Amino acid sequence: MIYWEIFLAFFIPGILGYGGGPASIPLVENEVVSRYGWMDVQQFSEVLALGNSLPGPIATKMAGYIGYEVGGPLGAFVGVFATVAPSLLLILILLSVLYKYKDSPKVKRMTLYVRPVIGVLLGIMAWRFFGESYANIGFFQTAFLTVVSYLLMEKFKLHPAFVISGALIYGGFLL
Amino acid sequence: MKLHWNIFIAFFRVGILGYGGGPSSIPLVHKEVVDKYKWMGDEEFGDLLALGNTLPGPIATKLAGYIGYRVSGVLGMLNAVLATTLPTIFLMILLLSSLSSMKGYDWVHGMTAAVIPVVGVMLAVLTWQFIQKAGQGMGWFSTIIMLIAVFILLEILHLHPGILIGALLILALVKIGGKEDEAPPSERDGDSS
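Residues numbered from 1 in each chain as written. Chains lettered and ligands numbered in written order. Predicted model: local features only at pLDDT ≥ 70, side-chain atom pairs only at ≥ 80, totals over all residues.

Comments concerning the packing of helix α2 (residues 25-35) of chain A against helix α3 (residues 41-53) of chain A
All names here are of chain A.
Thinking step 1. Running from N to C, α2 and α3 cross one another at 145°; their axes reach a closest spacing of 11 Å. Between α2 and α3 lies a crossing whose hand is right-handed. Contacts between α2 and α3 involve Ile25, Glu29, Val32 and Val33 on the former and, on the latter, Val41, Phe44 and Leu48. (Axes fitted to C-alpha atoms, helices over the stretch in contact; angles between N-to-C directions. Helix = DSSP H or I, 4+ residues; strand = E, 2+ residues; numbered from the N terminus. Left-handed = near helix turned anticlockwise from the far one by under 90°. Contact = placed C-beta atoms within 7 Å.)

This is the structure in structure tokens:
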């Protein structure tokens, strides 16, 4: 039963991948390449390379494409469902319980304690993006894009959609 | 109908603009959900992000699914998850089945490369907003101490953020009495309606 295998292949990375989509990439590779042999390492790395250069969450792009390759449109659906549904269900349950008690001082204290951690996590993530950009396109391009996009988004309050579209055009022609 | 259209558009934009995987879409989701459509406040978004980071699985679809559900039930949830994932899956299938050689997308790499610093700026701005909130909530002295401690734990001792957040959540639940450093009540007003 191919659909059951597709389900399992993406269910396991979905519930073991702590740290968001990118953390589940090696887990997906383990299932798809080593366990089920649907692709070889070369094919997998090509899927990963294209997936990384397209927008959107990486885990569902991989699940959708590999599911489609293996089992057609229904396979794509099963792959994406197995990736998304378990963790989504968990967060829905946990947050609805939490918000039932949102006026309790304990729950307020949770929000308070966790905020600096989120701050640091986002800060580290920002730093990594700048680091990656520096490695990709060097200091001057990075600095130029950083300053221009900061001014456009924060000073001129332009919606990020326009700024990102602008950067896409700039990058497509000039980088 | 209008609401569902808004949910679709909000997460469609997030899906096709989030270059660099799920985490890069966090500031975009924040922009749409908190700033533009005001479906939730910074507080709830922060809680969602914290729990989302503690739980396994892709972050982008957890955010989309929960927010969609909060705004308009199961249908909203499906709508948001599909809007986040479908467009790029189509793109992926289309490109991989039409390109026999994988070498021909240098220009795509150029596009991605230019977007990464923009996402960096958005993340940096969001970071500053969270730190400011933390400072207002628990005072600047405790906040700075805590930021340093968290940074050391995560980056130098390589503790997994999920474990740290989980431990703090449990600490907040079991701590009774003692030094009550709670947020002033006014701070929550207007949020999470």
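Quick look at the domain arrangement of chain A
Thinking step 1. The assigned domain composition of chain A is domain 1 (2-100) and domain 2 (105-174).
Thinking step 2. A straight line from the C-alpha centre of domain 1 of chain A to that of domain 2 of chain A covers 26 Å. (Domains from an automatic or database assignment.)

Thoughts on the interface of chain B and chain A
Thinking step 1. With 93 residues of chain B at the interface, the matching set in chain A holds 83 residues.
Thinking step 2. Listed by contribution, the elements that provide at least two residues to the side of chain B that touches chain A are α1 (2-17), α2 (26-36), α3 (42-54), α4 (59-98), α5 (106-138), α6 (140-156) and α7 (161-174) of chain B.
Thinking step 3. With 27 residues, the single largest contributor to the side of chain B that touches chain A is α5 of chain B.
Thinking step 4. When grouped by side-chain class, the residues that make up the side of chain B that touches chain A number 60 nonpolar, 25 polar and eight charged. (Nonpolar A, V, L, I, M, F, W, Y, C, P; charged D, E, K, R; others polar.)

Quick word on helix α4 (residues 58-100) of chain A
Thinking step 1. With 43 residues, α4 of chain A extends just 33 Å between its outermost C-alpha atoms, more than 12% less than the 63 Å of an ideal straight helix rising 1.5 Å per residue.
Thinking step 2. Of all the bends found along α4 of chain A, the most pronounced is centred on Gly71 of chain A and spans about 145°, while Pro73 of chain A, a proline, follows it within four residues. (Expected span 1.5 Å × (residues − 1). Bend = angle between axes of the 7 residues up to and from the residue.)

Digging into the confidence of the model for chain A
Thinking step 1. Taken residue by residue, chain A gives an average pLDDT of 87. The fraction at 70 or more is 97%.
Thinking step 2. Between the elements of chain A, mean pLDDT differs from a low of 82, seen in α3 of chain A, to a high of 91, seen in α4 of chain A. (pLDDT = per-residue confidence, 0-100.)

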